[in-house]
Amino acid sequence: MYLPSHVALLGSVVVATCLAGCSSDSKKKVAPKPYVPTDNVLTHRGGVFRQQWAMDRLWEDGKAEVATYAATRVVDGEPRQFEHTQITVKEEFNQHYNVKTDDYQRKDNFPVMKVNQFCAIPTDSYPYHFLTSLFFRRDQPAMLHKLTTSSQEWCGNTFKAITDDGLQYTQAYNSYWDGQGAGRRQLRREVLFEDALPYTLRSLRFAPNLSFTSPIYELQQTSQANVPVLYQARIRVEEALTTDAPQPAWRVIVALAPQKQNVYWFAKEYPNLLLRQTTWDGRTLSLKQVRRYATGPKLRLPLGPLIR
């Protein structure tokens, strides 16, 4: 088809302009910037957390700290009495599988602190079981490396896993609740987790009137897999009353939100064991005993194979 010269010329200009524009757009695309850790309250060297807290040689003795608590939790609308066990131990992870390694000669091994929280809660109808495993790089007691938590009862079971990819946390979940099912979501990084506070707060640079703020994700040890609430919490340290704890202790108040306050009591003597806990939703812990057990391929306690 014949086109007048001025029309052909205009078409050429349009095509050239489009090509130039496409080329310009492609040049504007830049690769994502690599993640650079911020010097926030959780990672600041010399800040409120002792980054080397877990580097003490106590954790090199090949034993796990097993703390047993008399506990209360509101389940099905009623406070239930039960035993809560918290196990803290040093392990070697490998980067390839991001789990405890069986080969200590691997090049990608790195040390972590594992905290297992286990409980079986009896009710009038049927028991509830919870197991939460938290992992922290040994020199980062405030920054969660990995979390898995599961619940089992007669209605079903729910599983959640949170992992750190260096940019953010990824949560994978599988829930029996309608509207939840299975899925994945991204969570903010450089935050605290309520489940981790019994471990993380042990590493504070305890001092009277120490106070700071930090975002904290709500408790994950539940049967639900909703989008977790992120609180902007105020944390404050004070001397504990002698009547509040069986030994000299620090009292740590965590104000998650108005009318939502948790309180934790930690021994002043290292390793700053959690002695007591009360939370806004009716959960309580009171230390009954603490023991140390030798570990191996499987840690076997008197009650059976609780953890690997």
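**A word on the pairing of strand 12 (residues 230-239)**
Within a regular strand, side chains alternate between the sheet's two faces.
Here comes step 1: Across seven bridges, the pairing between strand 11 (residues 211-217) and strand 12 is antiparallel. Each residue of the ladder has a partner; that of S211, found in strand 12, is R236.
Here comes step 2: With six bridges joining them, strand 12 and strand 13 (residues 249-257) adopt antiparallel strand pairing. Note on strand 13: the bridge partner recorded for E238 is R251.

**Points about the pairing of strand 16 (residues 284-294)**
Here comes step 1: With 10 bridges connecting them, strand 1 (residues 63-75) and strand 16 associate as antiparallel partners. Counted as the bridge partner of T72 is T284 from strand 16.
Here comes step 2: Across three bridges, the pairing between strand 15 (residues 274-278) and strand 16 is antiparallel. Across the sheet, the residue bridging to R276 is S286, located in strand 16.

**A word on the confidence of the model for the chain**
Here comes step 1: When pLDDT is averaged along the chain, the result is 88, and 83% of the positions lie at 70 or above.
Here comes step 2: pLDDT under 50 marks residues 1-37. Its contacts with residues more than four places away, or in other chains, come to five contacts.
Here comes step 3: The low-confidence segment residues 303-308, where pLDDT is below 50, has 14 contacts with residues more than four positions distant or belonging to other chains.

**Points about the pattern of salt bridges**
Here comes step 1: Counting across every chain of the model gives 14 salt bridges.
Here comes step 2: For R202, the salt bridge identified is with E65, shortest N-O distance 2.9 Å. In this pair, R202 sits in the loop between helix 2 (197-200) and strand 11 while E65 sits in strand 1, placing the two residues 137 residues apart along the sequence.
Here comes step 3: Judged by relative accessible area, which is 4%, E65 ranks as buried.
Here comes step 4: Here K90 and E92 are joined by a salt bridge, their closest N and O atoms 3.5 Å apart.

**Looking at unusual backbone geometry**
Here comes step 1: For the peptide bond that leads from Y270 to P271, omega is 15 degrees, which places it in the cis range.
Here comes step 2: Along the chain, P271 falls in the loop between strand 14 (260-267) and strand 15.
Here comes step 3: Although it is not a glycine, E190 adopts a positive phi angle of roughly 60 degrees.
Here comes step 4: The residue E190 is located in the loop between strand 9 (182-187) and strand 10 (192-193) in this model.
Here comes step 5: Of the residues examined, E190 reaches a relative accessible area of 12% and is grouped as buried.
Here comes step 6: At Q259, a residue that is not glycine, the phi angle is positive and equals roughly 70 degrees.
Here comes step 7: Within the element layout of this structure, Q259 appears in the loop between strand 13 and strand 14.
Here comes step 8: Given the relative accessible area of 78%, Q259 is considered exposed.

Rules used throughout
- Residues numbered from 1 in each chain as written.
- Predicted model: local features only at pLDDT ≥ 70, side-chain atom pairs only at ≥ 80, totals over all residues.
- Heavy atoms only, no water.
- Pairing = 2+ DSSP bridges.
- Helix = DSSP H or I, 4+ residues; strand = E, 2+ residues; numbered from the N terminus.
- pLDDT = per-residue confidence, 0-100.
- Contact = heavy atoms within 4.5 Å.
- Salt bridge = Lys/Arg side-chain N within 4 Å of Asp/Glu carboxyl O.
- Buried < 20%, exposed > 50% of the residue type's maximum accessible area, 1.4 Å probe, protein only.

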